[in-house]
Structures are given as C-alpha cells and as structure tokens.
Amino acid sequence: MKKNTRIIYCCQECGHQSPKWMGRCPECGAWDTLVEEKPPASDRHGKNDPSPHTAPVSIDSVTLDAEYRVLTGMQEFDRVLGGGIIDGSLVLIGGDPGIGKSTLILQVLNGLAQGPRSVLYISGEESVRQLKMRSQRLNTAASNMLVASEINIEIILSTVDSVKPDVLVIDSIQTMFSPDVASAPGSVSQVREATMKLMAMAKQSGVPVFLIGHVTKEGAIAGPRLMEHMVDTVLYFEGDQNHVFRILRAVKNRFGSTNEIGVFEMKEAGLAEVPNPSAVFLAERAENAAGSVVTACMEGSRPILVELQALISSAGFGTPRRTVLGLDHNRVSLLVAVMEKKLGLNMAGHDIFMNVAGGVKVSEPAVDLGIAAAVASSFLDRAIPDKMMLLGEVGLAGEVRGISRLEPRISEIRKMGFTRCIVPKSSLKAVAKMDGIELIGINRLGEMMDLLF
Ligand SMILES: Nc1ncnc2c1ncn2[C@@H]1O[C@H](COP(=O)(O)OP(=O)(O)O)[C@@H](O)[C@H]1O
Ligand SMILES: [Mg+2]
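None of the values given here were measured: they were computed from a predicted structure.

A. Inspection of the overall build of the chain at higher detail. Within the chain, the secondary structure is distributed over 12 helices and 23 strands. Sorting the 453 residues of the chain into buried and exposed places 49% on the buried side. Excluding contacts between residues fewer than 6 apart, the proportion of contacts in the chain whose partners are at least 24 apart in sequence is 65%. Entry remark: accessible area of the chain is about 21,800 Å², with carbon and sulfur atoms responsible for 52%. Side-chain charges of the chain comprise 47 positive and 51 negative groups, with the mean position of each set lying 3 Å from the other.

Right, here's the structure in full:
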C-alpha cells in the first residue's frame, strides 16, 4: 500500500528523479522544473519489461540482410535520412509549432502510400476531419493512408498490431498517454513511457516509426532530453515563420551522416522541394550594391551560396548598435575589431547591421572573409567587383586562415556563374585548377582590401 502511494519529483528538462522537491535540478541545473509524479505501477525488472533476456551471440555469427531502405519519393527528405527509411527505425522530427511538421509528414506519407505500402497516421492533436481538410488542401488523399485520432498508447499499439502498417507516424509524442503512468500527457514520465513502448514495438516488428515532437523556446525538444538518446534519428525542421524557406536538418543519425539538410519552400499547396538552394537564395540579390557579398557555406555535404548583407551608418546618440541576424553576433564583433585595428577603418560611432538574406543561419568560420568584405564595402560605400566571391577564416592578427572542403565550394561557385574567388593562400594547394574560375590566394586581410577596392 505504501509503495503505491510513493511520490517522486521528476525534472521536466532532463528526467532526473528525486524523492523530495527541490527548487533546482541537481542534474541539469534548471530552476523550478521538478514536478510531482507517481512512478509507473509496474515494477521495473518484472513482467512489463518489453525485452526478454537474450543470450549473447558471437558477432561473427550475426547475419545481415542487404541494407534495405524505402524511398519516400521526396528526395530532400530521403537524403536527410541518409538515403531512405530503414526498417524498425525510430525517427524524431522536432520543430516549432506551425513550422510545417504535420504538413511535411503528410506529404511524405502520401508519397509512400502511392505505392503498395500502407501507412498509419495517428494524430493526438487533430481530429480525423481536420486531417482530411489538410490532406485535401495538399492534395494528398491516397487510399492506402489510414488515419486515426488517438492518444492512448496502448490502443495505438493494438491498432498497429491489427492493421500492420508499413510505416507509423505519431503526431505528436507530447500528446501521448499511457494509463500505466499517473502523470498528465506531456510530462517527462509520459513521454518517456510512450517512446519506450513505441521503440520496443518498432524493434520487434520492424515497422519504422516517425515521432513528431514540439520544441521549446530555447530550442530543445520539449520533454526529456533522453528521448533524443532513445531514438535512432533526430531531425529538426526549422525556419523563420516570416520566410517561406524551411530547412530539415539531421542532428543525430544512426544510419547516415548528420548535418545533412533538405531545403523546402512553404506554398499554398504544401511544401515544395528546393533542389538548388543557392539559386533561390541569390535570386533577389541586387547587383552592384554596397554591403552585399556572396559566400559559400557548407551544409552537411552540400555547399550553399548565401548573400551576406551589411549596413554601416553613423550612429545618432549613445552607444552604437550592433544588430546581427543569421550570423554569430560575437564573430561579427570580433571581425569588426580586427578590421579597426588592422585596416584602420574607424567604425566606432557607427551602427552596424548584418543580415543573411533569405532567413538562413550561418555559423561557419569560412564566411569570415565574406563578413569582412561586406562590412568594408558598406563602410566605404563601394560595391565589390561583379562575379567576385570570398572564402576564408580570419584570425585575430588579421591573417587569413585555411578552410576545409574548398573544392566542393568552388565547383558550386563556378556553377552559379562566378568567375573570381578570393581564397586563403594555404588552402590553394588543396584544389585542382578549374576552368572558368580564377582563384586568388591571400594571406592577410589587407590584401583583400587592395583586391576589392
Ligand atoms: N490554408 C492554408 N493555406 C496555406 N498555408 C497554410 C494553410 N494552413 C496552414 N498553412 C501553413 O501550414 C503551416 C502549419 O503547418 P503544420 O504542418 O500544421 O505545422 P506543425 O505541425 O509544425 O505545427 C502554417 O504555418 C502555414 O504556413
Ligand atoms: Mg502539427
């Protein structure tokens, strides 16, 4: 009797459990995240354990079937997964509310259901009629797609057992509820329990499962961090609500490379794939505008050209403003300081605004030279030469440092019609000479100024 009424306090950030309430979680240090919960009624080592004890086998004797991947017909999605869906895999798709997770997965399922595969879409958020409405708008109504509105994980598992779908989608994992656990849906215990049960089902039956998860304001998937450890693959669907572009990014993948991205555009009729993002991000670029520079950043294995924009204007009163969107704020401040010191450009008393066109986020040091060129170009009010690009990392002494993966960047640059590219001299050796593009190697920031202005 006493055992059943025991209460535990569970951190909603990291899943740490404590017998008494505390203001601060001793595990992850988050404040006011411990919430009263009842532990699962089942005992841990007993009958409810999903995996029976398995005798170890020699790794030599394990036979492998050829790796079998199912293509969804959506190339951007398949690439992010590492080349298609693997049987029995558990994939978590996270993203802000309204970013288009349900839209994406509905289109993916539709691609699958066009073939002989049956897919099961379980929504805990929307009614079957709401799903139908979206599906009509997206023109994705295949008869092989089964939908249900349900939150009870036990009922879902028995539905899966009877329907035997080829792919299962749970939208969203935060709405799932297991009667074994006393706490409310969305709490750490519930999310963990539901994920565990779905994982056991996926591994046993080989049905691939997609979980949709919400992301908190801070960017973590709401619920326990440990959910990210339990699943095979974590994909983030991100983008700016005000921009039409959405980026699907793999942050963890047991079956493929991480940091692969897929680029989509949100349209009235759903998400459209963007096979050539560089062309899209450069489409509206103003020619010969001061402060605008094109550079190439790597997103996984793909180089993408982006336009960096800087605006330097003399400040009115008080402290000058430094506003940076899409780039690392500290990186920009550092480069501005280097330019003041090494190039003698006096930008104190000037407001500095920087932006990456199209709402893209760039965090690579390889774009340093591009940032410096954009700032100098706006400060001097002189456009940089036509068909010119810059790549390179800048150090505190004003030296231009080598960057990785120069060759794929250069081929993308050439494909987009640029004819000259300033690169670090040290990286120049690593690339073979290419027709149609002139590579200019530099060692110091000052040389860039001489070449550009
Ligand atoms: N009737 C509509 N016409 C055009 N776009 C719509 C319409 N309804 C929703 N959308 C788009 O779909 C997005 C919501 O997508 P959804 O897949 O429901 O997001 P999530 O599942 O991530 O919360 C909205 O932000 C909006 O951009
Ligand atoms: Mg949704």
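B. Region of interest: the site of ligand 1. In the neighbourhood of ligand 1, the contacting residues comprise Asp96, Pro97, Gly98, Ile99, Gly100, Lys101, Ser102, Thr103, Arg134, Arg137, Met266 and Glu268. In this structure, an oxygen atom belonging to ligand 1 sits 2.6 Å away from a side-chain N or O atom of Ser102. Arg134 has a polar side-chain atom sitting 2.7 Å from an oxygen atom of ligand 1. Contact with the protein chains hides 66% of the accessible area of ligand 1, taken as 570 Å² for the molecule alone. Breaking the shell around ligand 1 down by element, the ones donating at least two residues are helix H2 (101-113) and helix H3 (128-138). The dominant element in the shell around ligand 1, judged by the number of residues it contributes, is H2, at 3 residues. Classifying every residue of the shell around ligand 1 by side-chain character gives 3 nonpolar, 4 polar and 5 charged.

C. Looking closely at the packing of aromatic side chains. This model, assessed by the stated rule, comprises 3 aromatic pairs. Centre to centre, the rings of Phe77 and Phe210 are 6.0 Å apart; their planes meet at 45 degrees, and the pair counts as tilted. Residue Phe77 is located in helix H1 (residues 75-81), and its partner Phe210 is located in strand S10 (residues 209-214); the two are separated by 133 residues in the primary sequence. On the basis of relative accessibility, which here comes to 1%, the residue Phe210 falls in the buried class. Ring geometry for Phe237 versus Phe264: centroids 6.0 Å apart, planes at 75 degrees, classification edge-to-face.

D. Inspection of the packing of helix H8 (residues 329-343) against helix H9 (residues 368-380) at higher detail. Interhelical geometry of H8 versus H9 gives an angle of 60 degrees and a closest axis separation of 10 Å. For the element pair H8 / H9, the angle class is oblique. Of the two elements, H8 crosses H9, and the hand of that crossing is right-handed. Counted together, Arg331, Val332, Leu335 and Met339 of H8 and Asp368, Ile371, Ala372, Val375 and Ala376 of H9 form the full contact between these two elements. Split by residue class, the contact of H8 with H9 holds 7 nonpolar, no polar and 2 charged.

E. Expanded view of the sheet that holds strand S1 (residues 8-11). One open sheet holds the 3 strands; their spatial order is S2-S1-S3, and the pairing between them is antiparallel. Bordering the open sheet on either side are strand S2 (17-18) and strand S3 (34-37), each of which pairs with just one other strand. The pairing of S1 with S2 spans 2 bridges and is classified as antiparallel. Considered in S2, the bridge of Cys10 is made with Gln17. The strands touched by helix H5 (residues 188-205) within the sheet are S1, S2 and S3, with S1 carrying the most contacts at an inclination of about 75 degrees.

F. Layout of the environment of Leu334. Within the fold, Leu334 resides in helix H8. On the accessibility criterion, Leu334 (30% relative accessible area) is partly exposed. Taking C-alpha positions, Leu334 is 9.3 Å from Gly395, a pair spaced 61 residues apart along the chain.

G. Examining H9 more closely. Taking 1.5 Å of rise per residue, the 13 residues of H9 would be expected to cover 18 Å, and the 18 Å separating its terminal C-alpha atoms lies within 8% of that figure. Among the 13 residues in H9, 11 count as buried, and that is most of the element. Turning to H9, its buried residues are Asp368, Leu369, Gly370, Ile371, Ala372, Ala373, Ala374, Val375, Ala376, Ser377 and Ser378.

H. Fine view of the pattern of salt bridges. Counted under the stated rule, the structure contains 13 salt bridges. For Arg249, the salt bridge is made with Glu238, and the minimal N-O distance between the two is 2.9 Å. Note that Arg249 is positioned in strand S12 (residues 245-253) and Glu238 in strand S11 (residues 233-239), a separation of 11 residues in sequence. Residues Arg409 and Glu364 are paired through a salt bridge, measuring 3.0 Å at the closest nitrogen-oxygen approach.

I. The pairing of strand S6 (residues 90-95), seen in detail. Extensive coverage of S6 is indicated by the burial of 6 of its 6 residues. Judged by which residues are buried, S6 turns out to be covered on both faces: Leu90, Leu92 and Gly94 on one side and Val91, Ile93 and Gly95 on the other are all buried.

J. The arrangement of the environment of Ile59 in detail. Residue placement: Ile59 occurs in the loop between S3 and strand S4 (69-70). As a C-alpha pair, Ile59 and Val244 span 185 residues in sequence and 48 Å in three-dimensional space.

K. Molecular detail of the nonpolar core. In terms of nonpolar packing, the biggest core is built from 47 residues, with Val306, Leu327, Met354, Leu369, Ile371, Leu390 and Met448 touching the most fellow members. The element contributing the most residues to this core is H9, with 7 residues. Counting residues domain by domain, this core receives three or more from each of domain 2 (68-275) and domain 3 (280-452). Counting 32 residues, the second largest nonpolar core, distinct from the first, contains Val91, Leu112, Ala113 and Ile212.

L. Representation of the pairing of strand S16 (residues 302-314) within the structure. Note: strand S15 (residues 292-299) against S16, 8 bridges, orientation antiparallel. Looking at S16, one finds that Met298 is bridged to Pro303. The antiparallel pairing of S15 with S16 creates a hairpin that spans 2 residues between the two strands, and Gly300 there sits at a positive phi of about 65 degrees.

Calculation criteria
- Residues numbered from 1 in each chain as written.
- Chains lettered and ligands numbered in written order.
- Predicted model: local features only at pLDDT ≥ 70, side-chain atom pairs only at ≥ 80, totals over all residues.
- Heavy atoms only, no water.
- Helix = DSSP H or I, 4+ residues; strand = E, 2+ residues; numbered from the N terminus.
- Buried < 20%, exposed > 50% of the residue type's maximum accessible area, 1.4 Å probe, protein only.
- Contact = heavy atoms within 4.5 Å.
- Areas by Shrake-Rupley, 256 points an atom, 1.4 Å probe, with all protein chains shown as cover.
- Lys, Arg positive; Asp, Glu negative; His and termini not counted.
- Charge placed at Lys NZ, Arg CZ, Asp CG, Glu CD.
- Near = heavy atom within 4 Å.
- Polar contact = N/O pair within 3.5 Å; in protein donor to acceptor, adjacent residues only side chain to side chain.
- Nonpolar A, V, L, I, M, F, W, Y, C, P; charged D, E, K, R; others polar.
- Phe/Tyr/Trp six-rings, centres within 6.5 Å; stacked < 30°, edge-to-face > 60°.
- Axes fitted to C-alpha atoms, helices over the stretch in contact; angles between N-to-C directions.
- Parallel < 35°, antiparallel > 145°, perpendicular 65-115°, else oblique.
- Left-handed = near helix turned anticlockwise from the far one by under 90°.
- Pairing = 2+ DSSP bridges.
- Expected span 1.5 Å × (residues − 1).
- Salt bridge = Lys/Arg side-chain N within 4 Å of Asp/Glu carboxyl O.
- Core = buried A, V, L, I, M, F, W, Y, C linked by side-chain atoms within 4.5 Å.
- Domains from an automatic or database assignment.

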